[in-house]
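Chain residues, written in single-letter form:
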Amino acid sequence: MKPILIAIPVFNEERHIVRVLREIRSVARKRADILVVDDGSTDATAEISARHPDIAYLRHDRNLGYGASLIDAFNWAGRGHYQWVITMDCDEQHEPSRLNDFFAAIADDAADIISGSRYLHAAYIHDLPPADRRRINMLLTDVVNRNLSLELTDTFCGYKAHRVQALRRLKLTEPGYAFPMQFWVHCACAGLNIRELPVDLIYNDPNRHFGGQLDNPDLRLRHYLNVFFDTMNQLAPCQSMAAAC
Ligand SMILES: Nc1nc2c(ncn2[C@@H]2O[C@H](COP(=O)(O)OP(=O)(O)O)[C@@H](O)[C@H]2O)c(=O)[nH]1
Ligand SMILES: [Mg+2]
């Protein structure tokens, strides 16, 4: 069994999944197993996944959310005795070739969380992010850093490597897109060692949206702030918060 699992949350990605799986395989075949977490897709994602018998497949009968998909991927990695789980999206916003950088950072064995950042290295800018996304990411990155004494440059990139042993110390429950807000508070309070890695800034589909109220930037920001401070209140007091206070 390989020590690394690559877990891909997927919701209606029939347009991208064949290419994404092919490219991940070509980069990572020998180093990692691959898991697709199908979050209740209603397009051909399930049929396409079934044509890849070498890839593990977990399906939600209905759409539970991005966060719920990651939590299930973490539990799968824990049950499978993997040492690391790398999460990446299935819409071609995460370059499979960058997996080699994550493998190298994992080999360094200096961190518990290796978090992709789209704002760490100018070299990897392919597209400019939608203004509301950039504004909200920068604002929340500042809130997270000030309240948890962290030095992150990107709090919302889903391209991350996680030490499974460290994940076991986190009680993650947030099912939707606000998952990162809960995640960072738990990581900081557990005293996990966090490191960032430059990844590509790709926005290849300007029409992509969250769905529902989250498409309203002000409501989205308020929701993310609520999840962040609710989690802070639930875990308070903890060392990182004390240091920040
Ligand atoms: N839109 C959406 N994507 C989901 C959901 N569950 C899992 N995903 C997958 O999660 C990944 C990130 O979603 P995406 O909408 O691209 O998020 P963004 O890039 O942060 O805007 C993609 O691979 C999606 O297919 C869900 O409930 N809704
Ligand atoms: Mg995306």
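Quantities reported herein were computed from a predicted structural model and do not represent experimental measurements.

(A) Here's a closer look at the packing of helix H5 (residues 131–148) against helix H8 (residues 217–235). Where H5 contacts H8, the two axes come as close as 11 Å, and the packing angle between them is 15 degrees. For the element pair H5 / H8, the angle class is roughly parallel. As H5 runs across H8, the sense of the crossing is right-handed. Here Asp-132, Arg-133, Arg-135, Ile-136, Leu-139, Leu-140, Val-143, Val-144, Asn-147 and Leu-148 of H5 lie close against H8, whose contacting residues are Pro-217, Asp-218, Arg-220, Leu-221, Tyr-224, Leu-225, Phe-228, Phe-229 and Met-232.

(B) Looking closely at unusual backbone geometry. Its identity is not glycine, yet Glu-92 carries a phi of approximately 65 degrees, on the positive side. Tracing the backbone shows Glu-92 in the loop between strand E4 (84–87) and helix H4 (99–108). Residue Ser-149 is not a glycine yet carries a positive backbone phi of 45 degrees. Along the polypeptide, Ser-149 turns up in the loop between H5 and strand E6 (160–163).

(C) Fine view of the coordination of the magnesium ion (ligand 2). Coordination of the magnesium ion (ligand 2) by the protein is provided by Asp-91 (OD) and Gln-93 (OE1), with metal-donor distances spanning 1.9 to 2.0 Å. Since its relative accessible area comes to 15%, Gln-93 is described here as buried.

Rules of the game
- Residues numbered from 1 in each chain as written.
- Chains lettered and ligands numbered in written order.
- Predicted model: local features only at pLDDT ≥ 70, side-chain atom pairs only at ≥ 80, totals over all residues.
- Heavy atoms only, no water.
- Axes fitted to C-alpha atoms, helices over the stretch in contact; angles between N-to-C directions.
- Helix = DSSP H or I, 4+ residues; strand = E, 2+ residues; numbered from the N terminus.
- Parallel < 35°, antiparallel > 145°, perpendicular 65-115°, else oblique.
- Left-handed = near helix turned anticlockwise from the far one by under 90°.
- Contact = heavy atoms within 4.5 Å.
- Donors = N, O, S within 2.8 Å, 3.2 Å for Na, K, Ca; no water.
- Buried < 20%, exposed > 50% of the residue type's maximum accessible area, 1.4 Å probe, protein only.

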